[in-house]
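The chain contents come next:
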Amino acid sequence: MMNCNQSMSEKQMMTDLLCSQKFVTGVYNTYCNEASTSAMRSCLSSILQDEHRMQEELFNEMSAKGYYKVEMAEETKLNAEKQKFSQMASV
């Protein structure tokens, strides 16, 4: 735990925000799935879309600053996963 004199770096704050956004979108997704009326589902879905946009903007900013690095997947691994999921879909 940090004492009062320490502060988080920009990267730490952004990472914390991104983790929070991931959690929030998961909660809203569950709420959308469990909404009992179309009006409630529509309202929650709109909020969920806003949360996804915020998460994407934060991710893009972190990526641009080099805080969140994404490695490109190898083509052979992608093809193997596609094959696996296409087999699952045909079952």
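Here we summarise the structure given alongside this text. Going along each chain's sequence as written, the residues are numbered from 1 onward. Where totals are concerned, whole chains, interfaces and linings use all residues; where local detail is concerned, this predicted model gives features only for residues with pLDDT of at least 70, and gives and counts side-chain atom pairs only at 80 or more. The basis for the side-chain values is all heavy atoms of the structure; hydrogens and waters are excluded.

### Thoughts on the pattern of salt bridges
Then step 1. Throughout this description, the term salt bridge denotes a Lys or Arg side-chain nitrogen within 4 Å of a carboxyl oxygen of Asp or Glu. One pass over the full model with this rule turns up four salt bridges.
Then step 2. For E10, the salt bridge goes to K65, with nearest N and O atoms at 3.4 Å. Within this pair, whereas E10 is found in helix α1 (residues 10-34), its partner K65 is found in the loop between α2 (38-64) and α3 (75-89), the two being separated by 55 residues in sequence.
Then step 3. Relative accessible area decides the class of each residue, using a 1.4 Å probe on protein chains only: under 20% of the type maximum gives buried, over 50% gives exposed, and in between gives partly exposed. For K65, a relative accessible area of 38% puts it in the partly exposed group.
Then step 4. Its salt-bridge partner being K65, residue E61 comes within 3.8 Å of it at the nearest N-O pair. Starting at the N terminus, helices and strands are each numbered in turn, a helix being any DSSP run of H or I of at least four residues and a strand any DSSP run of E of at least two.

### Side note on the environment of E10
Then step 1. Using a relative accessible area of 38% as the deciding quantity, one classes E10 as partly exposed.
Then step 2. Each C-alpha atom of the pair E10 and E75 lies 34 Å from the other, and the pair is 65 residues apart in sequence.
Then step 3. By definition, residues are in contact when any of their heavy atoms lie within 4.5 Å. What E10 contacts, discounting residues up to four positions off in sequence, is K65 and Y67.
Then step 4. We define a polar contact as two N or O atoms separated by no more than 3.5 Å, with the added condition that, inside protein, one atom must be a possible hydrogen donor and the other a possible acceptor, whereas residues neighbouring each other in sequence contribute only through side-chain atom pairs. For E10, the side chain forms a polar contact with the side chain of Y67, separated by 2.6 Å.

### Comments concerning α1
Then step 1. To estimate how far a helix should reach, multiply one less than its number of residues by 1.5 Å. For α1, spanning 25 residues, the distance from its first C-alpha to its last is 36 Å, which sits close to the expected 36 Å at 1.5 Å a residue.
Then step 2. Within α1, the full set of buried residues consists of M14, L18, Q21, T25 and C32.
Then step 3. Where α1 is buried, its residues meet α2.

### Quick notes on the packing of α1 against α2
Then step 1. Axis definition: a line fitted to C-alpha atoms, limited for helices to the stretch in contact. Angles are taken between N-to-C directions and run from 0 to 180 degrees. Running from amino to carboxyl end, α1 crosses α2 at an angle of 160°, the nearest separation of the two axes being 9 Å. For the element pair α1 / α2, the angle class is roughly antiparallel. Note that α1 runs across α2; the crossing there is left-handed. The scheme is simple: roughly parallel for angles under 35 degrees, roughly antiparallel for over 145, roughly perpendicular for 65 to 115, oblique for anything else. The handedness criterion is simple: a crossing whose near helix is rotated anticlockwise from the far helix by less than a right angle is left-handed, and one whose near helix is rotated clockwise is right-handed.

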